[in-house]
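Here are the chains, one letter per residue:
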Amino acid sequence: MKMNRRRFLLAGTAAGGALLIGYAATRPSRHRRANADLVQGDERFVTSFIKIAPNNQITLYIPHSEMGQGIHTALAMMAADELDANWEEVNIEQAPAIDLFANGDLVKGFAGEFGVPNFLMGLVNVSAQAVAEIGNLQITGGSSSVRYTGEHAMRVAGAAAREMLLETAAERWDVELSELSTELGHVQHNASGSSASYGELVADAALREPPEQPRLKERAQFNIMGKAISRNDIPAKVDGSALYGLDAHSEDMLYAAIRLAPVFGSKLVAVDPGAALAQRGVERIVELEDSVAVVADNYWRAKRALALVSTEWEQTENDAISSADIDVRFSQELANSDGSEDKEVGDAERALEEAADVIEASYSVPYLAHAPMEPMNCTVHIKGDTADMWTSTQDALGMRGRVASQAGLPEEAVRFHQTYCGGGFGRRLPFNWNVIDHATLIAKQFDVPVKTIFSREDDMQQDYYRPAVKNNFKAAFDEDNNVLVWHSRFTGPIQVPGAAHIPYGIANQSIRVVDGDTHVPIAAWRSVDHSQQTFFIESFIDEIAHRAGKNPYQLRRELLQEHPRHRAVLEVAAEAAGYGQNLPQGHALGLAVQESFGSVVAEVAEVSMGVDNQPIVHKVTCAIDCGWAVNPDTVEAQIKSGIIFGLSAALYGEITIDNGRVRQGNFPDYEMVRMATSPEIDVHIIESGEELGGLGEPATPPIAAAVTNAIYILTGQRVRDLPIKNHDFTRSNPVAGV
Amino acid sequence: MATFIVNGVEQSLDVEADMPLLWALRDELGMTGTKFGCGIASCGACTVHVNGNAVRSCVTPVAAVEGQEITTIEGLAQAAAGSNPGPGQGAVQQAWIDHQIPQCGYCQSGMIMAVSSFLASNPNPTDAEIDAGITNVCRCGSYPRVRKAIRALANA
């Protein structure tokens, strides 16, 4: 029964060429259950995600977290356009965290792309919780919402609802379906002049089964998609009324400040509360397996009292580990292990032996924290056999299941109060359980809501980090300086398959991964493996070009013969940036190109060296082929966001390990781009008409190499490890003639 | 007892003199528009106005604002006629909508408070003055649009 409801119909290709797949076409349709469970009064769900009231107000339920990517608006646009709704009558609601609104289309989308990715795979086995079943997720990640949920669920739901309304009108007026049309929330019969609003038809329409193969619009028919429509979440975000997880509030609420084991994996041995319990407002000290928390009537009081608590932690085998040790371990692993195959083309080992010239280079990048602006938090109120919870998350259903399992309650007994997300970037995806688990275990000891807050330092030091990676390369050339071999050995794990692969037409490629496990917990970080690999690949291809005496732009073009989309974005970005033209004195351009999450992106960075011998990034020119743009204004915003996020990491970002623990604590130790260091960014959206690509992440990967490739021209120094701030550029030797 | 005026309303709180204004606003008064970001005055998410001047409330003890007028994001639009001169406080918020600035939006309460105070004292800033005057962190990277909106407000 359950399986049946969740079954996906792969309905093939319609006459118009649109792919039809999705929940709207599942049978029996979920809209019947939605009407039974969720509707009071005369409103009706007519398909999944779409509810229509008799007064023609249309409510669209969006099964994704809004964390600034504009997803509520974009997905509503997709459903409303197919529905031929009047945008003025559209209301956008966050879909509740119940399995009725799961967005498993995302998983199926990924499955089609490269198999279910590792970061989701583990969910299958997490627990007996129903939420853990693959296909029954409510995850926002992987730059997937528009291209999977939007294309495969929201558009299909809109188109199906429209057809049901048309069929209802045809029956009511006893006319042929083909004589009817829809516009602005009405069905019209031009021959008779009859017209009915959707609201007048919905009661009967909701009794119908959704069509199995609703026909989607051609792009020329779009009325809403493709327009720069204002986001619905912005007004509340400028007057302070937007609620985030941290803003859960009630009069009787208690607040928990927590100290977790500083070395990952360590346990609490002993606690001396000192004077903490005597402090004003302090209710209790809660000891957990790996942490201690002070619970008080105000977070500041809890935090201040926690400072008075002494703790003793169990010793672990990692207590002396430093970043240098990890780097040595990576080097040894790369030297001693053959690893496992990621991709092999031709015979790289033999071609290396026969080559006229070989170059080698070793690259590395550090661990990174996500550091979303909203510190991690979770509020849980356990009321006997039910519970309420509030948290900002990229996975509402998963977090609900997690609280349920920690509280020992059935999932359905936990009510999730969804809020806006003060940044995600991967920190609020599944497996980032720590704040959820601790908040639940603490709240179990109280009968009022308890809000557990990770301070900025807690979040920085108890994150699940972007993995540190080391990558050793070799390239080989023939007598005419043609590149024959791409040889890559890197530390894993592979979180997103294919990130280490190259688009370049090199005859012999050997790409292998070795074990990179350490005691440092890792997770997805905006753009996942692409953030490391694109820096490596786009730097080393630049090295290859310079070694071969070729222009880096021209060499890329030559080697991208088989990838017209890559060539196109590269050419657009280079031309717009004035590549090859005269630049201001002391400026240089570096470029990088990469495909990730279905979008192809080229970035050109214009850089000079400042008086402090550190780079100044003046301007970034970006060209992106994301297929087409549902909302061009949010596309542009996401591109700029992704570039600045990646630039912060390239210039400053590093999490280092000392004595087994994270050294950095707050923003001064983990600096990021601010107004003064934010470059001008020029975005060019190329509408190739290919399938929709992702947008939240693809702009992040190329920026690091674009900047360091420019730095090479300016200084003659090849930056092979990040962040850039650790490099000394005082002895510059600019590269001539590039 | 700490007494100060928040958005035109006098508030008396039985709290410690050294409690930061941020936590008095959030946990004692339930006014959650002002955000906690770093706790050390580094990121600016907690920015409010004290007598029209931007301050970072996470390091401002309530004793330091005794008897003074606090404006938070919730009261900014209404504060224009009061102690805050400048381009009209609601104008900054409207510009944020016109330029579609917030992404996750978490930093934007503080960003808007910082910019509105900044423009009140310097209605026509240069780029260098914007760089020096607006130091808030936005992890979503809204800076290009913030700069554009400041320029538009300066020219208005």
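Definitions and cut-offs
- Residues numbered from 1 in each chain as written.
- Chains lettered and ligands numbered in written order.
- Predicted model: local features only at pLDDT ≥ 70, side-chain atom pairs only at ≥ 80, totals over all residues.
- Heavy atoms only, no water.
- Helix = DSSP H or I, 4+ residues; strand = E, 2+ residues; numbered from the N terminus.
- Rg over C-alpha atoms; globule rule 2.2 N^0.38 Å.
- Buried < 20%, exposed > 50% of the residue type's maximum accessible area, 1.4 Å probe, protein only.
- Contact = heavy atoms within 4.5 Å.
- Lys, Arg positive; Asp, Glu negative; His and termini not counted.
- Charge placed at Lys NZ, Arg CZ, Asp CG, Glu CD.
- Salt bridge = Lys/Arg side-chain N within 4 Å of Asp/Glu carboxyl O.
- Domains from an automatic or database assignment.
- Buried area = accessible area lost by both parts, 1.4 Å probe.
- Polar contact = N/O pair within 3.5 Å; in protein donor to acceptor, adjacent residues only side chain to side chain.
- Nonpolar A, V, L, I, M, F, W, Y, C, P; charged D, E, K, R; others polar.
- Axes fitted to C-alpha atoms, helices over the stretch in contact; angles between N-to-C directions.
- Parallel < 35°, antiparallel > 145°, perpendicular 65-115°, else oblique.
- Left-handed = near helix turned anticlockwise from the far one by under 90°.
- pLDDT = per-residue confidence, 0-100.
- Pairing = 2+ DSSP bridges.
- 1 Å grid on protein atoms, 1.4 Å probe; cavity = no way out; pocket = protein on both sides within 12 Å on 5 of 7 lines; lining within 4 Å.
- Points joined across faces, edges and corners; volume = space filled by probe spheres on them.

Examining the overall build of chain B
Here's step 1: Broken down by element type, chain B carries five helices and five strands.
Here's step 2: Helices (α) and strands (β) of chain B occur, in sequence order from the N terminus, as β-β-α-β-β-β-α-α-α-α.
Here's step 3: The C-alpha atoms of chain B give a radius of gyration of 15 Å, which matches the 15 Å a tight globule of 156 residues would have.
Here's step 4: Judged by the C-alpha coordinates and their principal axes, chain B covers about 45 × 30 × 25 Å.
Here's step 5: Out of the 156 residues in chain B, the part that is buried amounts to 59%.
Here's step 6: In chain B, of all internal contacts separated by at least 6 residues, the share reaching a separation of at least 24 is 56%.
Here's step 7: Charge centroids of chain B, computed over 8 positive and 13 negative side chains, lie 18 Å from each other.

Topic: the pattern of salt bridges
Here's step 1: For the coordinates displayed, the defined rule picks out 52 salt bridges over all chains.
Here's step 2: Here Asp437(A) ties to Arg402(A) by a salt bridge, and the two come within 2.8 Å at their closest N and O atoms. With Asp437(A) in helix 13 (residues 434-443) and Arg402(A) in helix 12 (residues 396-407), this residue pair connects regions lying 35 residues apart in the sequence. With respect to burial, Asp437(A) and Arg402(A) carry one shared label: buried.
Here's step 3: Residue Asp542(A) pairs with Arg556(A) through a salt bridge whose shortest N-O separation is 2.9 Å. Remark: Arg556(A) occurs in helix 16 (residues 552-559) and Asp542(A) occurs in helix 15 (residues 529-547); sequence separation between them is 14 residues. The exposure classification of Asp542(A) matches that of Arg556(A), with both residues buried.
Here's step 4: Residues joined by salt bridges that share partners form a network here, namely Arg280(A), Asp297(A), Arg301(A), Asp14(B), Glu16(B) and Glu28(B).

Some points on the domain arrangement of chain B
Many structure descriptions define interface size as the accessible area lost when the parts assemble.
All names here are of chain B.
Here's step 1: When the domains of chain B are assigned, the result is domain 1 (2-75) and domain 2 (77-155).
Here's step 2: For domain 1 and domain 2, the distance between their C-alpha centroids amounts to 19 Å.
Here's step 3: In this complex, domain 1 contributes 20 residues to the contact, which on the side of domain 2 involves 18 residues.
Here's step 4: Between domain 1 and domain 2 lies a buried interface of about 1,500 Å² when both sides are counted; carbon and sulfur atoms form 49% of it.
Here's step 5: Joining domain 1 to domain 2, the criterion identifies zero salt bridges.
Here's step 6: Connecting domain 1 to domain 2 are twelve residue pairs in polar contact (both at pLDDT 80 or more).
Here's step 7: Put simply, the parts of the chain that give the side of domain 1 that touches domain 2 at least two residues each are strand 3 (47-50), strand 4 (53-56) and strand 5 (69-71).
Here's step 8: Partitioned by chemical class, the residues of the side of domain 1 that touches domain 2 number six nonpolar, ten polar and four charged.

Thoughts on the packing of helix 3 (residues 108-121) of chain B against helix 5 (residues 143-155) of chain B
Residue and element names in this part refer to chain B.
Here's step 1: Contact pair helix 3 / helix 5: the axes reach a minimum separation of 12 Å and the direction vectors enclose 30 degrees. Here helix 3 is positioned roughly parallel relative to helix 5, judged by the angle of their axes. Judged by the sense of rotation from one axis to the other, the crossing of helix 3 with helix 5 is right-handed. Residue-level inspection shows Met111, Val115 and Leu119 of helix 3 in contact with helix 5, the latter providing Tyr143, Val146, Ile150 and Leu153.
Here's step 2: Of the residues belonging to the contact of helix 3 with helix 5, the class tally is seven nonpolar, no polar and no charged.

What to know about the packing of helix 18 (residues 632-651) of chain A against helix 5 of chain B
Here's step 1: Two elements in contact, helix 18 of chain A and helix 5 of chain B, have axes separated by 9 Å at closest approach and are oriented at 115 degrees. Note on element contacts: helix 5 of chain B touches helix 18 of chain A through Tyr143(B), Pro144(B) and Arg145(B), opposite Asp633(A), Glu636(A), Ala637(A), Lys640(A) and Ile644(A).
Here's step 2: Here the contact of helix 18 of chain A with helix 5 of chain B is composed, by residue class, of four nonpolar, no polar and four charged.

What about unusual backbone geometry?
Here's step 1: For the bond running from Gly492(A) to Pro493(A), omega is 5 degrees, close enough to zero to count as cis.
Here's step 2: Mapped onto the secondary structure, Pro493(A) falls in the loop between strand 22 (483-491) and strand 23 (508-514).
Here's step 3: A cis amide bond links Leu722(A) to the next residue, Pro723(A), at an omega of 5 degrees.
Here's step 4: With respect to the helices, strands and loops of the structure, Pro723(A) is situated in the segment after helix 19 (703-715).
Here's step 5: With a phi close to 50 degrees, Asn659(A) is a non-glycine residue in the positive phi region.
Here's step 6: In the Ramachandran plot, Asn7(B) falls in the positive-phi region, its phi being about 50 degrees despite a non-glycine side chain.
Here's step 7: Its location among the elements puts Asn7(B) in the loop between strand 1 (2-6) and strand 2 (9-13).
Here's step 8: The class for Asn7(B) is partly exposed, based on a relative accessible area of 27%.

Some remarks on the interface of chain B and chain A
Here's step 1: Each partner contributes residues to the interface: chain B has 51 residues there, and chain A has 64 residues.
Here's step 2: Buried area between chain B and chain A, both sides added, is near 4,600 Å², and the carbon and sulfur share of it is 56%.
Here's step 3: Where chain B touches chain A, the interface holds nine salt bridges.
Here's step 4: In this structure, the salt-bridge partner of Asp18(B) is Arg304(A), at a minimum N-O distance of 2.6 Å.
Here's step 5: Linking chain B with chain A are 32 residue pairs in polar contact (both at pLDDT 80 or more), by the criterion used here.
Here's step 6: Per-class residue counts for the side of chain B that touches chain A are 25 nonpolar, 14 polar and twelve charged.

Quick word on the confidence of the model for chain A
Residue and element names in this part refer to chain A.
Here's step 1: With 91% of its residues at a pLDDT of 70 or more, chain A shows a mean pLDDT of 90.
Here's step 2: Of the regions scoring below 50 in pLDDT, residues 1-27 engages in 63 contacts with residues more than four places distant in sequence or in other chains.
Here's step 3: Note that residues 110-136 has pLDDT below 50 and, in this model, 66 contacts with residues that lie over four places away or in other chains.

Observations concerning the pairing of strand 24 (residues 588-596) of chain A
Here's step 1: Within strand 24 of chain A, eight of the nine residues are buried, which leaves the element mostly enclosed by the surrounding structure.
Here's step 2: If you look at the hairpin formed by strand 24 of chain A and strand 25 (residues 599-609) of chain A, you'll find two residues sitting between the two strands, and Phe597(A) has a positive phi there, around 50 degrees.

Brief notes about empty space enclosed by the protein
Summary: where empty space remains is shown by rolling a probe the size of a single water molecule over the atoms.
Residue and element names in this part refer to chain A.
Here's step 1: Inspection of every chain in the model, using the stated rule, returns eight cavities of 30 Å³ or more.
Here's step 2: Here the largest cavity is characterised by a volume of approximately 560 Å³.
Here's step 3: Lining the largest cavity are 40 residues, and of these Gln69, Ser143, Gln638, Leu695 and Gly696 lie nearest its centre.
Here's step 4: Elements supplying a minimum of two residues to the lining of the largest cavity: helix 3 (71-83), helix 6 (145-173) and helix 18.

Observations regarding the sheet that holds strand 26 (residues 615-625) of chain A
Pairing between the strands of a sheet is mediated by backbone hydrogen bonds and can be parallel or antiparallel.
Residues and elements named next belong to chain A.
Here's step 1: One open sheet accounts for four strands, arranged 24-25-26-29; its pairing is mixed. The open sheet terminates on both sides in strands that have one partner only, identified here as strand 24 and strand 29 (680-686). Recorded for the sheet is a direction-independent mean angle of 15 degrees between the axes of neighbouring strands.
Here's step 2: Sheet topology places strand 25 next to strand 26; ten bridges connect them, and they run antiparallel. Note on strand 26: the bridge partner recorded for Glu603 is Cys622.
Here's step 3: Each of strand 24, strand 25, strand 26 and strand 29 is contacted by helix 17 (residues 564-577), which is oriented at about 30 degrees to strand 25, the strand it contacts most.

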